[in-house]
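What follows is each chain in one-letter form.
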Amino acid sequence: MSSLIDRAWSPVRTLLPARADLAELRRSPRRDLLAGLTVAIVALPLALGFGVSSGLGAEAGLATAVVAGALAAVFGGSNLQVSGPTGAMTVVLVPIVARYGPGGVLTVGLIAGFMLVALALLRAGKYMQYVPAPVVEGFTLGIACVIGLQQVPQALGVPKPEGDKVLVVTWQAVEEFARTPNWTAVAFAGAVAAVMLVGARWRPTIPFSIVAVVAATLVAQFLDLDAAAPIGQLPAGLPAPSLAFLDPSALGSLLAPAVAVAALAALESLLSASVADGMTVGQKHDPDKELFGQGLANIAAPLFGGVPATGAIARTAVNVRTGASSRLAALTHAAILAAIVFAAAPLVSKIPLAALAGVLIATAIRMVEVGSLRAMAKATRSDALILVLTAVATLALDLVYAVIIGLVVAGALALRAVAEQVRVEQVPLDDGDHSAEEHALMAEHIVAYRIDGPLFFAAAHRFLLELSEVADVRVVILRLSRVTTMDATGALVLKDAVEKLNRRGIVVMVSGVRPGQRQVLESVGALRLVCSEGREYATTPEAIAGARTYLEGAGVLPAVPAQQSARVESGRTAAEGSLR
C-alpha cells in the first residue's frame, strides 16, 4: 500500500519547491526586496485597471495580484516570474462576464486552475516550444489593440455599453461621447498615457505609471472634479475565502470557457518565463513547475474574489531589470500590495477611472514591439500572413480562436514547405563494366528514380503525378533509401503508382527499403506487389542486375557471358556504397 502511495505522490513531489529554491531567497535579499517594491509600484495601477476592465472591479484585480502573485512565486517554475491579472486574460474574461456574470468568472478560474495542475502532472510544459513566433507576435499585437479599445469608454468618461464585442462597444462609446462630451476624462486619460510613454523613454527606471496616477488623483481631489469618476469604495482587506460563487448546475456550460482560460494562462505564463530566461544569464525555468504554480494560484484566487491570473510579461521584465535574483522579489511585490489593500484602501478608491484607462492605453502601446513586428513581416510571406491573421482574429473573434487559427495556418504552411522538399529524380545507371553500347541499350529499357525527402500526405499527390509521367520503358527502379519519412497516404500512393505502372506493362523494383518504412508499406499492401515477384533489393546495383536478368529472360537484352558477368559483379560491389 505504501509503495502505491509513493508512486502516486512521486509526480507531485517533483513539482513542489526544492531546498535549492528556498536557499536562493537568501542570496541577495536587499536587491530582491528593492526589486519587489519597484514591481509593486508598477503593478498597483495595472492590477486596479485590469480588475475594472474584467468587469469584476478593482478589488478583484488587487486580490488576484496578492493571492495569485504569492502562490505562483512560491510554487512556480521561474525564480523571476511575477504573476497577476493581465491584459490578455482580461480580453478573454470580458465575454465570460457578459454571459455568465461574476460568479461564472470565478468558477471558470477555479476549473482552469485544476486543469493547469493536471497539465503539470502530465508534463505538458515542454510543448510550449512548438508555438510559432509569428503566432505569439500576432496575438500580442491583437491583445494590445483589444486592451486599448477596451479603455475607450472610461477614457471618454461615458458608461460602458453592453456587449462583449470590443469593436461594437468602442463604437457605441464614441457615439455616446459625441452626444455628451466629457473632456475632463479625456484630459486625465491622455495626460496619464503621455506621462508614461514620454517618461519611459526619458527615465526607464522610474515608475511613471504610479507618478501619473497619484498626480491625477490629487488634481481630481483638489479641483473636486465630478467628471473624473473615481474607482469607488474598496474593502479594507481581502475577503474571507468562500465557495459561495459555485453553481453546480452551470459547471457543464463553463467547461469550454475554462479550457480557453487554462490554455491562455499556460501559454502566457510559459512565454513570460521564457522572456525572463532570455533577459538573464544562468536562469532556466521549469515549465511543468510553472504550470503547477499557476494552477494553484488560479485555484486560490477565486476563493478570495480574484480573477484568473497568468505570468505577467511587463511586470516580470521590470523585476528582472531592477536586479531580482530569486522568488523573494515576487513575494515582496505581493506582500506590499497586500499592505496597500489593508492600509490604503480609502486612498486607492479615489483614483479616477480615466487615469487607470490612461495607464492601460499606455501599456497597450508599449506592448507593441515595432522592430519585432517589422522583422517578422520581412522574414517570409508565410510568417507575415500568420502574424496578420492571428492579430485580426484576436480583434474580431477572441484570443483562443486566434491562437487556434494561427496554429492551424502555421501548420498548413509548414506542411506545404516540407512537402515541397520531396524530389523524384532520374539517376544514371551504374552497373559495373558494361560497354557504352550496352549502357545505351539498358537505358532504353530501365529507368531508376531516387526519391529524396518526406513521402507523406502533403507530398503524395505530386509524387504520383511525377511517376505517372514515366516514359515508355520496361523496368522502373525506385530507390527509397533517402525517403526521410513515410505515412499511410504516401505508402498508398506508392502502391497506386506501382499498380498503374504494372497495368502499362512496366515492372517496378524497389531498393533500400528502411525498417521504419517497411511496416507502413506492408500495412497497405504496397510491398507485397513487389515482394511476391522477388523484386525488392537491398541496394540499387542489385536491383539493376535484377532488372537486367528480367530483360534477358524476356529476350529484350542479350545474355551476358560468364566472364563478363564476374566483372560486373565486382563493379557492382564497388558501387553499392554510393547507390544504396
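Structural data are supplied above this passage.
Residues numbered from 1 in each chain as written. Predicted model: local features only at pLDDT ≥ 70, side-chain atom pairs only at ≥ 80, totals over all residues. Heavy atoms only, no water.

**Q** I tried to follow the overall build of the chain on my own but got confused; where do I start?
**A** From N to C terminus, the chain includes 26 helices and eight strands. Among the 580 residues that make up the chain, the fraction classed as buried is 51%. For the chain, long-range pairs separated by at least 24 residues make up 84% of all intrachain contacts whose partners lie at least 6 apart in sequence. Accessible surface, the chain: about 26200 Å² in total, of which carbon and sulfur atoms supply 63%. (Helix = DSSP H or I, 4+ residues; strand = E, 2+ residues; numbered from the N terminus. Buried < 20%, exposed > 50% of the residue type's maximum accessible area, 1.4 Å probe, protein only. Contact = heavy atoms within 4.5 Å. Areas by Shrake-Rupley, 256 points an atom, 1.4 Å probe, with all protein chains shown as cover.)

**Q** How should I be thinking about helix α13 (residues 313-321) in this particular structure?
**A** Along an α-helix, a turn takes 3.6 residues, which lines up residues three or four apart on a common side. Buried within α13 we find Arg-315, Thr-316, Ala-317, Val-318, Asn-319 and Val-320. Buried-residue contacts for α13 involve α3 (29-54), β1 (83-84), α11 (251-278) and α14 (328-343). Note on α13: the residue one or two positions beyond its end, Gly-323, has a positive phi of about 95°.

**Q** I'm lost on a nonpolar patch on the surface in this one. Help?
**A** Together, Leu-385, Leu-389, Leu-397, Tyr-401, Ile-404, Ile-405 and Val-408 make up an exposed nonpolar region whose accessible area comes to about 620 Å². The set of elements that each furnish at least two residues to the nonpolar patch consists of α18 (381-396) and α19 (399-419). Top contributing element to the nonpolar patch by residue count: α19, with four residues. Along the chain, Val-408 falls in helix α19. Take Val-408: its relative accessible area is 56%, and that puts it in the exposed class. (Patch = residues over 30% accessible without salt bridge, like charges linked within 9 Å, V, L, I, M, F, W, Y side chains within 5 Å. Salt bridge = Lys/Arg side-chain N within 4 Å of Asp/Glu carboxyl O.)

**Q** Explanation requested: the nonpolar core in the structure shown.
**A** The tendency in soluble globular proteins is for nonpolar side chains to be buried side by side. Leu-48, Phe-139 and Val-261 are the most contacted members of the largest nonpolar core, which totals 89 residues. When residues in this core are grouped by element, the largest group, 16 residues, is from helix α5 (residues 87-121). Ile-451, Leu-480, Leu-501 and Leu-521 belong to the second largest nonpolar core, which has 25 residues in total. (Core = buried A, V, L, I, M, F, W, Y, C linked by side-chain atoms within 4.5 Å.)

**Q** Can you help me understand the pattern of salt bridges in this one?
**A** Where charged atoms from two side chains of opposite charge approach closely, those side chains can pair. Using the criterion set out here, one finds five salt bridges in the structure. Close ionic contact of Glu-536 with Arg-518 constitutes a salt bridge, the shortest N to O distance being 2.4 Å. Of the two residues, Glu-536 is situated in strand β8 (residues 536-537) and Arg-518 in helix α23 (residues 515-523); the sequence distance between them amounts to 18 residues. A salt bridge links Glu-552 to Arg-548; its shortest N-O distance comes to 2.9 Å. Pair noted here: Glu-552 and Arg-548 are both in helix α25 (residues 540-553), with a separation of four residues, about one helical turn. Owing to a relative accessible area of 25%, Glu-552 belongs among the partly exposed residues under this scheme. On the accessibility criterion, Arg-548 (5% relative accessible area) is buried.

**Q** Just checking my understanding: could you explain the side chain of Thr-86 for this structure?
**A** Locating Thr-86 in the fold gives a position in the loop between β1 and α5. Within polar-contact distance, the side chain of Thr-86 engages the side chain of Glu-268 at 3.1 Å. Every residue in contact with Thr-86, bar those within four places of it in the chain, is listed here: Phe-50, Glu-268, Thr-310, Gly-311, Ala-312 and Arg-315. (Polar contact = N/O pair within 3.5 Å; in protein donor to acceptor, adjacent residues only side chain to side chain.)

The values reported here are purely geometric and, on their own, carry no functional implication.
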